[in-house]
Amino acid sequence: MDLEIKLEGHDATERTLYSLQDWIKQERISGLSARRKSIPPQDDEMGGDPVTILSVVLASAAVVELVKSIHVWIQNTRPKVKVRIQLTESKFIEVESENLPADPQHLIDKTLEKLKEIEED
């Protein structure tokens, strides 16, 4: 499964992008391979898209671990961002740092629901 993770918001900077990328790598989630995605700039832009962080390849079972990891990263770093995990063209999970529940179970349940929908398609 290929995923794309994007950051949006006030703290969606290079520094925050690298912080999340390093965090995910340190988690050593089985089946995960993450790399920075390079996007050419649009005609009216100076550089690449700063909100795109990673292209992730992993088994669907590891998606839950990835969501847990992102939840903990937000709790520890407290960036003002929205993390969007694009599962398919029409299915995604969003984690908003400013409305982050203390318990990640809601996010886990939402993730499992989305993965089930993908499997049924």
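In what follows, the accompanying structure is described. Since we're looking at a predicted model, the values are computed, not measured.

Basis of the calculations
- Residues numbered from 1 in each chain as written.
- Predicted model: local features only at pLDDT ≥ 70, side-chain atom pairs only at ≥ 80, totals over all residues.
- Heavy atoms only, no water.
- Helix = DSSP H or I, 4+ residues; strand = E, 2+ residues; numbered from the N terminus.
- Buried < 20%, exposed > 50% of the residue type's maximum accessible area, 1.4 Å probe, protein only.
- Contact = heavy atoms within 4.5 Å.
- Areas by Shrake-Rupley, 256 points an atom, 1.4 Å probe, with all protein chains shown as cover.
- Core = buried A, V, L, I, M, F, W, Y, C linked by side-chain atoms within 4.5 Å.
- Salt bridge = Lys/Arg side-chain N within 4 Å of Asp/Glu carboxyl O.
- Phe/Tyr/Trp six-rings, centres within 6.5 Å; stacked < 30°, edge-to-face > 60°.
- Lys NZ or Arg CZ within 6 Å of the ring centre and 35° of its normal.
- Expected span 1.5 Å × (residues − 1).
- Arc of directions from axis to C-beta.

**What about the overall build of the chain?**
(1) Moving on: A count of helical and extended segments in the chain gives three helices and five strands.
(2) Moving on: Along the chain, helices (α) and strands (β) appear in the sequence β-α-β-β-α-β-β-α when read from the amino end.
(3) Moving on: By residue count, 36% of the 121 residues in the chain fall in the buried class.
(4) Moving on: If you take every contact in the chain between residues at least 6 apart in sequence, the share linking residues at least 24 apart comes to 64%.
(5) Moving on: Surface summary for the chain: the accessible area is close to 7300 Å², and the carbon and sulfur share equals 45%.

**Some words on the nonpolar core**
(1) Moving on: Grouped together as the largest cluster of nonpolar side chains are 25 residues, with contacts concentrated most on I5, L66, I70, V83 and I85.
(2) Moving on: Sorting the residues of this core by element identifies β1 (2-8), α1 (14-27), α2 (60-77), β4 (82-86), β5 (92-96) and α3 (105-120) as the ones contributing at least two each.
(3) Moving on: With residues near it in sequence (within four places) discarded, L66 still touches L3, I5, I24, I29 and L32.

**Looking at the pattern of salt bridges**
(1) Moving on: Tallied over the entire structure, the rule returns six salt bridges.
(2) Moving on: Across the salt bridge formed by K82 and E94, the nearest N and O atoms sit 3.9 Å from each other. Placement of K82 in strand β4 and of E94 in strand β5 is noted, with a sequence separation of 12 residues between them.
(3) Moving on: On the basis of relative accessibility, which here comes to 24%, the residue K82 falls in the partly exposed class.

**Points about the packing of aromatic side chains**
(1) Moving on: What the rule picks out here adds up to zero aromatic pairs.
(2) Moving on: When the ring centre of F92 is taken as origin, the NZ or CZ atom of R84, which lies over that ring, is 3.5 Å away.
(3) Moving on: A cation over a ring is seen here: K114 above F92, with NZ or CZ 6.0 Å from the ring centre.

**Examining unusual backbone geometry**
(1) Moving on: In this model, R28 sits at a positive phi of 50°, which is unusual for a non-glycine residue.
(2) Moving on: Position of R28 among the secondary structure elements: in the loop between α1 and β2 (33-36).
(3) Moving on: Among the residues examined, R28 registers a relative accessible area of 73% and is labelled exposed.
(4) Moving on: The residue R78 is not glycine, and still its phi comes out positive at about 50°.
(5) Moving on: Assignment of secondary structure puts R78 in the loop between α2 and β4.

**Observations regarding the environment of I24**
(1) Moving on: Position of I24 relative to the elements: it lies in helix α1.
(2) Moving on: Residue class for I24 comes out buried when judged on its relative accessible area of 1%.
(3) Moving on: Sequence separation between I24 and V67 is 43 residues; the distance between their C-alpha atoms is 10.0 Å.

**Notes on α3**
(1) Moving on: Over its 16 residues, α3 extends 23 Å from the first C-alpha to the last, a length consistent with the 22 Å expected when each residue adds 1.5 Å.
(2) Moving on: Taken together, the buried positions of α3 are L107, I108, T111, L115 and I118. Down the axis of α3, the smallest arc covering the buried residues is 100°, so these residues share one side. In α3, the exposed residues that point more than 90 degrees away from the buried face are H106 and E120.

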